[in-house]
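Examining the three-dimensional arrangement
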Amino acid sequence: MVSFEEVAETVVELFRKAETELPEDVIQALKNAYEQEDNEVARNTIGAILRNIEAARGLKVPMCQDTGLPIIFAEVGRDLRLDFNLRDAIVEGVRRATKEVPLRPNAVHPLTRENPGTNIGPHVPLITMDVVEGDALKLTVLPKGAGSENVSALRMLLPSQVNNVERFIIEVVKNAGGKPCPPIIVGVGIGTTFDGAAKLAKKALLRNVTSMDEFERGLLEKINSLGIGPGGLGGKTTALAVLVETGYCHTASLPVAVNIQCWANRRASAMLR
Amino acid sequence: MVMVEHWLKTPIGKDEILNLNVGDVVYITGTMITARDEAHVRMLEYFDEGNELPFRIEDVVIYHCGPIIVEDGGKYRTISAGPTTSARMNSLTPKVLERVDRMVIVGKGGMNEEVINALKGKGVYLAYTGGAGALAAQTIKTVRDVYWKDLGMPEAAWVFEVENFGPCIVGIDSKGNSLYKEVEKTVEENFRKILSQP
C-alpha cells in the first residue's frame, strides 16, 4: 500500500530529477537545433544551454536558479486505497524538496509579496488530481519558471474567429520575444472554458516534444520563421515544439490559451503502487 | 557577423565600455552584484533620501539575477545563478543610470528604448544565456558579501567574485545600438509575411 512517507519522498526525488536532469527528448531537440543554426550568436547561445545541462547533471544542481513554482499532476487509480490525505503528503514533499534539492523559495503572497521561504501557501503547490483506471498513483512534477509564465496569454475568441486561432498563438510568441528564454516549447489549449483552456495548455507541456502532429508542425514552422532565435538574439530556433490540446467548448465560445515554456521543459514522473 | 571577444576585469573602465559593440562576446572576471526588482527600488529609495549606497555600482557589474544560495558553516555558496528577465527593470534602470558615470549590466531578454537611451555614452547591456544557472554558478568563485538580505534570497544584493563569467553577448551598446531592436524589426516583418500567407 502507498504510504504518506513514500509519496513525500517520491515528490522530493521527482523535483530533484526535474531540476537537475532535462528529459532526453528536450535535450535531443536542443542538439538538433544546435546543428541547424548557422547564426554564430544563436549557436553560441544553444552551446551554452547544452553545457549548462551537462553541468547541472554532473554537479546535481538545478539547471536554472528559477526552480519554478511547484506544480504537481496526480493520477489516482480508482482501486487505490489511501489511509492519508494525498494533498498533505505532496505538500510535505515540496516542503522537503525546497530544503533538500534545494529549490529557490519562489512562492510569495500575491499582494503583500511576503515570502514564507517554504514554497508552501494557499493553493501552492498547485495540484491537479484526476481519477483514472487501475490501482496505481502516478505523480508528475512540472516546476514552472516565471520568465516564460509571465508572457503566456489567454483570449476568449468569438466562434466566428476560428481563423484567428493561429494568428493569436503566433502573436503571443512574437510579443514574448526573448523574455521567456527561447528556444521555447509552446503549450496550447483550445476549447472548454476560460480556466479549462489554460489547464489544457499546461497539460500539453507534459507531452514528448517529438509527438507533434501535422497541425502542430505547421505552427512550429511559422513560429520559427519569425526569427526571434535563441535568447531573442536572432536565429532559426525560436521554438522546439508546439503542443496543442483541444476540448469541446460552448457553442458561443472559443477560448485559446498559450502557455509558454522555456527551453528548460523540466518534468519528471513516477508510478507508485 | 564577426564576433569580437573581450576578456574584461572589474572595475571595467569607461573606455573599455565605450569600445564594446553589439554582437561582441564578453567574459568577465571580478566583482558582480545581483540586483533585481526589489534591490532597484531600494537603490532609488537611497537616492531619494540623499543616502550613499553601501556599494559602488560603477566598479562592479550589475547582474539581474535571483540566485539559489546555501549557507554552509557561516559561508555562502552559490548553487545556481542564471539571469532573470531584465525587462522588469525597464522603468527603474534609467533612474539608477542618472546617478552614475558608467555601468555594465548583465541580464536576459533585453531592455526597452528608454534604457537604450539612458545607456548612451556610459553603459552597456550584456545578454547571458537564460536559464544557464549551473554554468554561471561554476564561474562564481566566492560570495563576498550580501546587502539587503531582508528582501529575501532572490531579491537581496549578493556580491560575487567571478572568473571568466560568460559568454555574454553585447545586446545593447553605448552608442544606441540594440541587437534586440534589430531582431524585433525583422520579427515584425516576418510576422506580417506569415499572416499574408494563405
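Since the model is a prediction, treat every value here as computed from it, not as a measurement.

**Here we look at the packing of helix H6 (residues 165–176) of chain A against helix H6 (residues 179–196) of chain B**
- Taken N-terminus to C-terminus, the directions of H6(A) and H6(B) make an angle of 175 degrees; their axes are 11 Å apart at the nearest point. When the interaxial angle is binned, H6(A) and H6(B) end up roughly antiparallel. Touching Arg167(A), Ile170(A), Glu171(A) and Lys174(A) of H6(A) are Val187(B), Glu188(B), Phe191(B), Ile194(B) and Leu195(B), all from H6(B).

**Some words on H6(A)**
- For H6(A), built from 12 residues, the straight-helix expectation of 16 Å at 1.5 Å per residue is met to within 8% by its first-to-last C-alpha distance of 17 Å.
- Across the 12 residues of H6(A), nine count as buried, placing the element largely inside the fold.
- All buried positions along H6(A) are accounted for by Val165(A), Phe168(A), Ile169(A), Ile170(A), Glu171(A), Val172(A), Val173(A), Lys174(A) and Ala176(A).
- Of the surrounding elements, those touching the buried residues of H6(A) are strand S4 (153–157), strand S5 (184–191), helix H8 (214–224) and strand S7 (254–261) of chain A together with H6 of chain B.
- Looking one or two residues beyond H6(A), the residue adopting positive phi is Gly177(A), at roughly 55 degrees.

**Comments concerning helix H2 (residues 37–48) of chain B**
All names here are of chain B.
- The end-to-end C-alpha distance of H2 is 17 Å, a good match for the 16 Å that 12 residues give at a rise of 1.5 Å each.
- Burial in H2 covers these residues: Asp-37, Ala-39, His-40, Arg-42, Met-43, Leu-44 and Phe-47.
- Buried residues in H2 make contact with strand S3 (61–63) and helix H3 (93–97).
- One or two residues past the end of H2 sits Gly-50, with phi positive at roughly 75 degrees.

**Overview of the pairing of strand S1 (residues 71–77) of chain A**
All names here are of chain A.
- Across the seven residues that make up S1, a large majority, six, are buried.
- Bridge analysis of S1 against strand S2 (residues 126–132) gives seven bridges, and the strand direction is parallel. Of the residues in S2, the one forming a bridge with Ile-72 is Ile-127.
- Read as a crossover between parallel neighbours, the route from S1 over helix H4 (residues 86–100) to S2 is right-handed.
- Relative to strand S3 (residues 137–141), S1 runs antiparallel, the two sharing five bridges. Bridge pairing links Ala-74 to Leu-139 in S3.

**Thoughts on the nonpolar core**
- Of all hydrophobic cores here, the largest spans 60 residues; its most connected members are Leu30(A), Ile169(A), Val186(A), Val256(A) and Trp263(A).
- For this core, the two domains that each supply at least three residues are domain 1 (4–22 + 61–144 + 268–272) and domain 2 (146–261) of chain A.
- Apart from the residues within four sequence positions on either side, Ile169(A) is in contact with Val186(A), Val188(A), Leu219(A), Ile223(A), Val256(A) and Val258(A).
- Grouped together as the second largest cluster of nonpolar side chains are 37 residues, Val25(B), Met89(B), Val96(B) and Tyr125(B) included.

What counts and how
- Sequence order as written defines the numbering, with residues in each chain counted from 1.
- Here the convention is simple: chains get letters from A, ligands get numbers from 1, in the order in which they are written.
- Residue-level local features of this predicted model are given only where pLDDT is at least 70; pairs of side-chain atoms are given and counted only at 80 or more, and the full residue set underlies all totals for whole chains, interfaces and linings.
- Note: side-chain values were computed over all heavy atoms of the structure, leaving out hydrogens and water.
- Fitted lines through C-alpha atoms serve as axes, helices being fitted only where they are in contact, and the angles separating the N-to-C directions of these axes extend from 0 to 180 degrees.
- Helix and strand definitions here come from DSSP, where helices need a minimum of 4 consecutive H or I residues and strands a minimum of 2 consecutive E residues; each element is numbered from the N-terminal end.
- Any angle that falls under 35 degrees is termed roughly parallel, while one over 145 is termed roughly antiparallel, one within 65 to 115 roughly perpendicular, and all others oblique.
- Only heavy atoms matter for contacts: two residues are in contact if any of them lie within 4.5 Å across the pair.
- One less than the residue count of a helix, multiplied by 1.5 Å, gives the span that helix is expected to have.
- Buried residues are those whose accessible area, probed at 1.4 Å on protein chains only, stays under 20% of the maximum for their type, while exposed residues exceed 50% and partly exposed ones sit between those limits.
- Criterion used throughout: strands pair if DSSP finds at least two bridges between them.
- For a crossover, the right-handed case is the one in which the path from the first strand over the helix to the second runs clockwise, viewed with the strands pointing away from the viewer.
- For the purposes of this section, nonpolar cores are sets of buried Ala, Val, Leu, Ile, Met, Phe, Trp, Tyr and Cys residues that join through side-chain atoms within 4.5 Å.
- Segment limits for the domains were obtained from an automatic or database-derived domain assignment.

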